[in-house]
Amino acid sequence: MREILLLDNGSRRPQSTLALRDLAARLAARLRQPVQPVSLAHSDLISADKLAGQPAITLEPWLLDRLRQDVQRFLVIPLFFGPSGALTEAIPALAARLRADAGPLDVRLAAPLCPLPQGEPRLTAILLDRIATAARETQFQPRRLVLVDHGSPRPEVNAARRWVAADLRSRLAAGIQVEEAAMERRAGPQYDFNGELLLEVLRRLARADSQSPVFVAPLFLFAGRHAGPGGDLDEIAGAVKAEYPALRIALTGLVGDHPALLDILASRYRETLETGA
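1. Some words on the sheet that holds strand 8 (residues 249-251)
Logical step 1: With parallel pairing, the four strands of this open sheet are ordered in space as 6-5-7-8. The open sheet is flanked by strand 6 (177-182) and strand 8, the only strands paired with a single partner. Sheet twist, expressed as the mean angle between neighbouring strand axes with direction ignored, is 25°.
Logical step 2: Strand direction decides the pairing type here: strand 7 (residues 214-218) and strand 8, joined by three bridges, are parallel.

2. Examining the packing of aromatic side chains
Logical step 1: Evaluation of the coordinates by the stated rule reveals two aromatic pairs.
Logical step 2: Relative to Phe-193, the ring of Tyr-191 lies with its centre 6.3 Å away and its plane at 65°, an arrangement referred to as edge-to-face.
Logical step 3: Taking relative accessible area as the criterion, Tyr-191 reaches 16% and is therefore assigned buried.
Logical step 4: Its relative accessible area of 19% is what places Phe-193 among the buried residues.

3. Notes on the packing of helix 4 (residues 121-138) against helix 8 (residues 261-275)
Logical step 1: The N-to-C vectors of helix 4 and helix 8 enclose an angle of 165°; their axes lie 9 Å apart at closest approach. Accordingly, the angle class assigned to the pair helix 4 and helix 8 is roughly antiparallel. In the crossing of helix 4 with helix 8, the sense of the turn from one axis to the other is left-handed. In this structure, helix 4 uses Arg-122, Leu-123 and Ile-126 to contact helix 8, whose residues at the interface are Leu-261, Asp-263, Ile-264, Ser-267 and Arg-268.
Logical step 2: Counted by class, the contact of helix 4 with helix 8 contains four nonpolar, one polar and three charged residues.

4. Some points on the pattern of salt bridges
Logical step 1: Evaluated as defined, the whole model comprises 20 salt bridges.
Logical step 2: Glu-60 is paired through a salt bridge with Arg-97; the nearest N and O atoms lie 2.9 Å apart. Of this pair, Glu-60 sits in helix 2 (residues 59-68) while Arg-97 is found in helix 3 (residues 85-102), placing the two residues 37 residues apart along the sequence.
Logical step 3: Among the residues examined, Glu-60 registers a relative accessible area of 30% and is labelled partly exposed.
Logical step 4: The exposure class assigned to Arg-97 is partly exposed, which follows from its relative accessible area of 38%.
Logical step 5: For the salt bridge of Glu-179 with Arg-204, the shortest nitrogen-to-oxygen distance reads 2.9 Å. With a gap of 25 residues between them, Glu-179 in strand 6 and Arg-204 in helix 6 (residues 198-208) connect regions that are remote in the sequence.
Logical step 6: Overall, the relative accessible area of 15% leaves Glu-179 in the buried class.
Logical step 7: For Arg-204, a relative accessible area of 26% gives the class partly exposed.

Reading the values: rules and limits
- Residues numbered from 1 in each chain as written.
- Predicted model: local features only at pLDDT ≥ 70, side-chain atom pairs only at ≥ 80, totals over all residues.
- Heavy atoms only, no water.
- Pairing = 2+ DSSP bridges.
- Helix = DSSP H or I, 4+ residues; strand = E, 2+ residues; numbered from the N terminus.
- Axes fitted to C-alpha atoms, helices over the stretch in contact; angles between N-to-C directions.
- Phe/Tyr/Trp six-rings, centres within 6.5 Å; stacked < 30°, edge-to-face > 60°.
- Buried < 20%, exposed > 50% of the residue type's maximum accessible area, 1.4 Å probe, protein only.
- Parallel < 35°, antiparallel > 145°, perpendicular 65-115°, else oblique.
- Left-handed = near helix turned anticlockwise from the far one by under 90°.
- Contact = heavy atoms within 4.5 Å.
- Nonpolar A, V, L, I, M, F, W, Y, C, P; charged D, E, K, R; others polar.
- Salt bridge = Lys/Arg side-chain N within 4 Å of Asp/Glu carboxyl O.

Spelled out as structure tokens, the structure:
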């Protein structure tokens, strides 16, 4: 029997860790076995009193503790959209180091949320539902959409966003303009695959037409520094609306609290057991 971990990158925002815990509890109910919410880093810096008195768990110390208790077999379900360096480098390197220091360790890693080349149509369906909800709530007609992610130094991670954007274009009504943007990107032409920053895209769309609404769909799981109330997304939207007062911007909901995400995570669990990867 393997212990199951639901792993995110981690955040210093308490609401992100609390959301991870909630999602892990719902996944545990779906799988009918315990699921441990674990972050790769950062969340251990949050004061426990902001987390209902329960400190956040990060991967390395948690694995070490389990190894000391002679637990050696784990299945990690990653909350990453694409093949981040956390999955391809950091976790394998950590596992190798722990094996060398602490003995046998078997870490089985499930695929990310949008594995390529096949992609994940259910992820697109979540975004479509978030867009439809925002349209009902705002009474805006979605004619322009910006799909925004964190940005990455890895083109293979960016490829996941591009797959989702292409799938959105194929499934949205004809005539809806779909743009892509990143919240952050490193300087230099070698990182041009990220495309424009969100602020640049919104300003460009506002210059072209300051009357038609713009929907912003975050490819983010939980509220943190970028997403959620008071995050960078809100600040950027506010800055652009201050420059173009007639522009209406609708931010759609996040991926992490959509009920259909559980279907994807349960599939990743089953696929990993079936393939023996």
